[in-house]
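Close look at the chain arrangement
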Amino acid sequence: QEIHYFSEIGSTNNEAKKLATNGCPEGTIVVAEAQITGRGRLARGWFSPPGKGIWLSVVLRPPFSPMDAAKCTLMAAVGVNRAINSVTGTGCGIKWPNDILWQGRKVVGILTEMSAEMDAINYVVIGMGINVNIDQQDFPSEIAATATSLAVAAGRRISRVKLLTAILAELESTYNTVKASGFAPVLADWRQQSITLGQQVDVRGVERHFTGLAVDIDADGALLIKTPNGIERVLAGDVSIRP
Ligand code: BTN
């Protein structure tokens, strides 16, 4: 396994994609103390101050169809959430599809990027931003009300080395489970760790806007929402959910 460590980098996902394009082995990780241009989903940035978080990207070459790549994100959310809860005891949960929250505030974001041919995945880069020891007053004002860190949640500093070790071990075991037994066990874990299921959610898509009760996720990881008109199916990327 290759570990690429940087004290400072633009984005660990960009570096991981470059390494993957140049043929690095599966399991290669890129980790940095700080990111200058950390990227979030939906073309947003990601606050990545030096020494305060785990800014991590993992390269996988899964033997799945490109259609199944979205499931890598669910898999990562389950593994990371389990590691976080065993190291910190904070009781974090997963908000569909793949944010990890503590008391309604985001502590982890996941950005999965893929390169695929027609019917085969070339690589998947799973980027994880984990707010570990950021003081609440240090978040930029745009996210101060919606973000927090594990140290705030736990009321103590958290060892990044311990947490990173646990995360990598959980990711490996979750990935091995998927390769051996398919996604069903991961989906079952996801349901247990979810804070979205059982909640009233507001779906705001480009074409549709409705409210309903989040009842389950299906085998593709789509959220199933019970509405007066029946069950609506929502795929990640389509919409944003506001509990
Ligand atoms: C989100 O918007 O919720 C996803 C945030 C993902 C941030 C991580 S930090 C490590 C990796 N490198 C990046 O540039 N982004 C991801």
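Residues numbered from 1 in each chain as written. Predicted model: local features only at pLDDT ≥ 70, side-chain atom pairs only at ≥ 80, totals over all residues. Heavy atoms only, no water.

1. Some thoughts on the site of the ligand
The environment of the ligand is made up of 19 residues, and the closest members are Ser11, Gln35, Arg39, Arg41 and Lys106. Here an oxygen atom of the ligand and a backbone polar atom of arginine 41 are 2.6 Å apart. Protein contacts shield 98% of the accessible area of the ligand, which totals 420 Å² for the unbound molecule. Using a 2 Å cut-off from the grid points, one finds that the ligand occupies the largest pocket. (Near = heavy atom within 4 Å. Polar contact = N/O pair within 3.5 Å; in protein donor to acceptor, adjacent residues only side chain to side chain. Areas by Shrake-Rupley, 256 points an atom, 1.4 Å probe, with all protein chains shown as cover. 1 Å grid on protein atoms, 1.4 Å probe; cavity = no way out; pocket = protein on both sides within 12 Å on 5 of 7 lines; lining within 4 Å. Sits in = over half its atoms within 2 Å of the grid points.)

2. Comments concerning the layout of surface pockets
Empty space within the largest pocket amounts to approximately 1100 Å³. Around the largest pocket, the lining is made up of 42 residues, and of these Arg41, Arg44, Trp46, Asp99 and Lys106 lie nearest the centre. Put simply, the parts of the chain that give the lining of the largest pocket at least two residues each are α1 (12-21), β3 (53-60), β5 (99-102), β6 (105-116), β7 (121-131) and β12 (240-242). In terms of residue class, the lining of the largest pocket is built from 18 nonpolar, 16 polar and 8 charged. In this structure, the lining of the largest pocket is formed jointly by two domains, domain 1 (3-193) and domain 2 (200-242), each of which donates at least three residues. As a volume, the second largest pocket reaches approximately 530 Å³. A total of 5 residues in the lining of the second largest pocket trace back to one element, the largest contributor, which is β6. Looking at the lining of the second largest pocket residue by residue, the class counts come to 14 nonpolar, 5 polar and 5 charged. (Points joined across faces, edges and corners; volume = space filled by probe spheres on them. Helix = DSSP H or I, 4+ residues; strand = E, 2+ residues; numbered from the N terminus. Nonpolar A, V, L, I, M, F, W, Y, C, P; charged D, E, K, R; others polar. Domains from an automatic or database assignment.)

3. Considerations on helix α2 (residues 70-88)
Compared with an ideal rise of 1.5 Å per residue, which puts 19 residues at 27 Å, α2 spans 27 Å between its outermost C-alpha atoms and is within 8% of the ideal. Burial of α2 is extensive: 14 of the 19 residues sit out of reach of the surface. Just beyond α2, the residue with positive phi is glycine 89, at close to 60°. (Expected span 1.5 Å × (residues − 1). Buried < 20%, exposed > 50% of the residue type's maximum accessible area, 1.4 Å probe, protein only.)

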